[in-house]
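A structural walkthrough
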Amino acid sequence: EPEVTQTPSHQVTQMGQEVILRCVPISNHLYFYWYRQILGQKVEFLVSFYNNEISEKSEIFDDQFSVERPDGSNFTLKIRSTKLEDSAMYFCASSGSAYGYTFGSGTRLTVV
Amino acid sequence: AQSVSQHNHHVILSEAASLELGCNYSYGGTVNLFWYVQYPGQHLQLLLKYFSGDPLVKGIKGFEAEFIKSKFSFNLRKPSVQWSDTAEYFCAVIGTSYDKVIFGPGTSLSVIP
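Residues numbered from 1 in each chain as written. Chains lettered and ligands numbered in written order. Predicted model: local features only at pLDDT ≥ 70, side-chain atom pairs only at ≥ 80, totals over all residues. Heavy atoms only, no water.

Things to note about the state of the cysteines
Inspection of every chain in the model, using the stated rule, returns two disulfides over all chains. One disulfide in the model links Cys 23 of chain A with Cys 92 of chain A; its S-S distance is 1.9 Å. Because the torsion about its S-S bond is -65 degrees, the bridge between Cys 23 of chain A and Cys 92 of chain A counts as left-handed. Placement of Cys 23 of chain A in strand 3 (residues 19-24) and of Cys 92 of chain A in strand 9 (residues 88-95) is noted, with a sequence separation of 69 residues between them. Among the residues examined, Cys 92 of chain A registers a relative accessible area of 0% and is labelled buried. Shown here is the disulfide that connects Cys 23 of chain B with Cys 91 of chain B, its sulfur atoms set 1.9 Å apart. In this structure the cystine formed by Cys 23 of chain B and Cys 91 of chain B twists about its S-S bond by roughly -65 degrees; its chirality is therefore left-handed. Taken together, the residues Cys 23 of chain B in strand 4 (residues 23-26) and Cys 91 of chain B in strand 10 (residues 87-94) connect sequence positions 68 residues apart. Look at Cys 23 of chain B and you get buried, because its relative accessible area is 0%. Owing to a relative accessible area of 1%, Cys 91 of chain B belongs among the buried residues under this scheme. (Disulfide = S-S within 2.5 Å. Helix = DSSP H or I, 4+ residues; strand = E, 2+ residues; numbered from the N terminus. Buried < 20%, exposed > 50% of the residue type's maximum accessible area, 1.4 Å probe, protein only.)

Brief notes about the interface of chain B and chain A
On the side of chain A, 17 residues touch chain B, which itself brings 15 residues to the contact. When the buried area of chain B at its contact with chain A is split by residue, Tyr 98, Lys 100 and Phe 103 of chain B rank highest and sum to 40% of it. One can count one salt bridge joining chain B with chain A. In this structure, Lys 100 of chain B and Glu 56 of chain A form a salt bridge, with 2.8 Å as the shortest nitrogen-oxygen distance. Summed over the shared surface of chain B and chain A, the result is five residue pairs in polar contact (both at pLDDT 80 or more). (Contact = heavy atoms within 4.5 Å. Buried area = accessible area lost by both parts, 1.4 Å probe. Salt bridge = Lys/Arg side-chain N within 4 Å of Asp/Glu carboxyl O. Polar contact = N/O pair within 3.5 Å; in protein donor to acceptor, adjacent residues only side chain to side chain.)

In structure tokens form, the structure reads like this:
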């Protein structure tokens, strides 16, 4: 069964640095999402993306965050200037007519 | 407001005991419901989902869930748990297939051998 692939699996970055989390959604899916899970807390929606633009974003998704689909296969989440509280597991997901809503394995971001 | 609540924060069971994890949701309109499992150090894995049809849904690893529309509930059950079922369980709701998923706070299950 097709998977949503995320890289890297773990990233450590210094506070104030920019970080880019990468995702390869399921081929032919048209809707893409980012979620995050702070350790010990529930999974929270960040942003959804369709037709090359943001379709919905949460209040967490402030000006420090951006998303992009730079080519036909990748979907990225950029955090411009990381803060300690950005430390979390970030999940990418994609949705479409085939295979339904699928989450990736996550990227654990640690900001030090 | 759209929300999902889970009845228990932490459940401890002995092996072979029966499991029922409660989930209630608040969501206007048609809903699709999920249960996800997250094993220690691993990613979210879909256990089962309800989109339509038979409200009793069977998933992987012997899990099942029942959608009771009148009670806005989607409880997860397993007749006999194993140590390997130790994990965090998340109930989640979505409107259409393309909406954001709204997760419950999770229930941590510990199964004692």
